[in-house]
Amino acid sequence: MKKLNAFIAAAALALGAGAAQAQLRIEISGVGSNQIPVAVAAFADESVAPQQISAIIKSDLERSGAFRVIDAGAAIADSAGVNYSQWKARGADALVIGSVQRLADGRLDVRYKLLDTIKSTQLSALGQTPAPQHTRLLAHKIADDIYEKLTGVRGVFATRIAYVTHSNGQYRLEVADADGEGIQVALRSPEPIISPSWSPDGTKVAYVSFERRKPVVFVQNLVTQARTVIANEKGSNSAPSWSPDGSKLAVALSRDGHTQVYTVNADGSGLRRLSNSSGIDTEPQFSADGASIYFTSDRSGGPQIYRMGVGGGEAKRVTFGGSYNISPRISSDGKTLAYISRREGGFNLYALDLASGQEQRLSDSGNDESPSFSPNGKYIMYATEAGRRKTLAVVSVDGRVRQRLSTQAGNIKEPTWGPFMK
């Protein structure tokens, strides 16, 4: 319970900037294999909360593609007796029930249970007393608990995303819940903002801003809104990414001629050059264990993805399918590499199993960029194009579940999926 309360407090602090006007719209297509049938009942007296908790849970579970959600109909309190065989007969392997009460101090008392109808047992239960404005966040946390208990994989519904929108001559770095709700603006600028990257603790975002009429790398604290210049060397400063422990960033700088890979401490000190090729080395990404760095280089004649030790030295080529592979991103378990590949005239998202060398094409729009893994490694968000408008898309790593996130307010691109909150 302490961990959940701490999470809610940290997420609330991260909403320091003003709210955006335009909401993201999500369209879902495809379903996962072997969907788990789950009945979700309305929570008793949930009308006292500003949002309907059961509806948010249903939406999260459906969006994941891992569940077939069965509407339970009438509300069922967490204290109610349950006829397990009845729900099993309705085809539900699990049942979600709960209740909401408003306390004298204005907070909500939210309680939920997850029941296994096959074994007639309780799988999980939570009880929390959030402030009303944290209702949605708590609903996401309940959905995460359901996802983890039924799949064995940690859920990502309570995580956050960041991206850049462009409309009416203004660029905005925005932060939102993973379902596109709760949008907050972290930065507004008449000049481009690119390459946002979350810190491992979820409290900061690194990005490149052109507000000084050249690309400069900043780190912004989402709690205090304080900004720190991390790289403002001669030439181009670009492509920041965090080390897993949050102590350093990898960046691409052209200070010495061709763009090369460097690391720098999170406070902007300790700049160190890692790569030393005659070509262009860019888009560095730390491996999941922090021991190596993946990056894009044209040293072989065309852009391909390489890996080198975190201290520099010899680089080994990783991608061999196709003649143009860029934008490496590594999954949290270090097993899968996502990247953008140009083949047959189009730019599409691919995933490479690093152990087997088998790659899979995950998109077909032909104009994709900026992939980003969910923190549980099960989904990849990327920027794409639909009807001449830039939008975001999400695809499961098996390619079965697809979502599209769009806004009527302009173009949306440069996505980055935030970490699990501690």
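An account of the accompanying structure is given in this report.

About the thresholds
- Residues numbered from 1 in each chain as written.
- Predicted model: local features only at pLDDT ≥ 70, side-chain atom pairs only at ≥ 80, totals over all residues.
- Heavy atoms only, no water.
- Helix = DSSP H or I, 4+ residues; strand = E, 2+ residues; numbered from the N terminus.
- Rg over C-alpha atoms; globule rule 2.2 N^0.38 Å.
- Buried < 20%, exposed > 50% of the residue type's maximum accessible area, 1.4 Å probe, protein only.
- Contact = heavy atoms within 4.5 Å.
- Lys, Arg positive; Asp, Glu negative; His and termini not counted.
- Charge placed at Lys NZ, Arg CZ, Asp CG, Glu CD.
- Phe/Tyr/Trp six-rings, centres within 6.5 Å; stacked < 30°, edge-to-face > 60°.
- Lys NZ or Arg CZ within 6 Å of the ring centre and 35° of its normal.
- Pairing = 2+ DSSP bridges.
- Axes fitted to C-alpha atoms, helices over the stretch in contact; angles between N-to-C directions.
- Expected span 1.5 Å × (residues − 1).
- Salt bridge = Lys/Arg side-chain N within 4 Å of Asp/Glu carboxyl O.

1. Some points on the overall build of the chain
Here's step 1: Assigned secondary structure in the chain consists of four helices and 30 strands.
Here's step 2: Against the globule reference of 22 Å for 422 residues, the chain gives a C-alpha radius of gyration of 22 Å, in line with a compact fold.
Here's step 3: Considering the chain as a whole, with its 422 residues, one finds that 53% of them fall into the buried category.
Here's step 4: Restricting the contact set of the chain to residue pairs at least 6 apart, pairs at least 24 apart contribute 44%.
Here's step 5: One way to put it: in the chain the 48 positive side-chain charges average out to a point 2 Å from where the 40 negative ones average out.

2. Regarding the packing of aromatic side chains
Here's step 1: Following the criterion strictly, the structure yields six aromatic pairs and no others.
Here's step 2: Plain terms: the ring middles of Phe295 and Tyr306 are 6.0 Å apart, the flat faces sit at 25° to each other, and that makes the pair stacked. Pair noted here: Phe295 is in strand E19 (residues 292-297) and Tyr306 is in strand E20 (residues 304-309), with a separation of 11 residues, a long-range link.
Here's step 3: Site record: aromatic cluster; members linked through ring pairs are Phe67, Tyr147 and Phe157.
Here's step 4: Over the ring of Tyr306 we find Arg299; its NZ or CZ atom is 5.2 Å from the centre of that ring.
Here's step 5: Note that Arg343 overlies the ring of Tyr350, its terminal NZ or CZ placed 4.1 Å from the centroid.

3. Examining the sheet that holds strand E7 (residues 160-167)
Here's step 1: Taken in spatial order, the four strands of this open sheet run E9-E8-E7-E30, and their pairing is antiparallel. The outermost strands of the open sheet, each flanked by one partner alone, are strand E9 (184-189) and strand E30 (411-417). On average, each strand axis in the sheet is tilted by 20° relative to the strand beside it, whichever way the strands run.
Here's step 2: Pairing of strand E8 (residues 170-177) with E9, which is carried by five bridges, proceeds in the antiparallel orientation. If you follow Tyr171 over to E9, its bridge partner there is Ser189.

4. Notes on helix H2 (residues 53-64)
Here's step 1: Taking 1.5 Å per residue, 12 residues should reach 16 Å; H2 reaches 17 Å between its end C-alpha atoms and fits that length.
Here's step 2: With nine of 12 residues buried, H2 lies mostly within the body of the structure.
Here's step 3: Residues of H2 that are buried: Ile53, Ser54, Ile56, Ile57, Lys58, Asp60, Leu61, Arg63 and Ser64.

5. Some words on the pattern of salt bridges
Here's step 1: Tallied over the entire structure, the rule returns 16 salt bridges.
Here's step 2: Across the pair Asp179 and Arg136 runs a salt bridge whose closest N-O atoms are separated by 3.0 Å. Taken together, the positions of Asp179 in the loop between E8 and E9 and Arg136 in helix H4 (residues 135-151) put the pair 43 residues apart, joining distant regions of the chain.
Here's step 3: On the basis of relative accessibility, which here comes to 9%, the residue Asp179 falls in the buried class.
Here's step 4: As a salt-bridge pair, Arg273 and Asp256 come within 3.6 Å of each other at their nearest N and O atoms. With Arg273 in strand E17 (residues 272-273) and Asp256 in the loop between strand E15 (248-253) and strand E16 (260-265), this residue pair connects regions lying 17 residues apart in the sequence.
Here's step 5: Given a relative accessible area of 47%, Asp256 falls into the partly exposed group.
Here's step 6: One salt-bridge network, in which partners are shared between bridges, spans Glu233, Arg255, Asp256 and Arg273.

6. So, unusual backbone geometry
Here's step 1: For Ser120, which is not glycine, the phi torsion reads 55° and is therefore positive.
Here's step 2: Within the chain, Glu283 stands out as a residue other than glycine whose phi angle is a positive 55°.
Here's step 3: Positionally, Glu283 belongs in strand E18 (residues 281-286).

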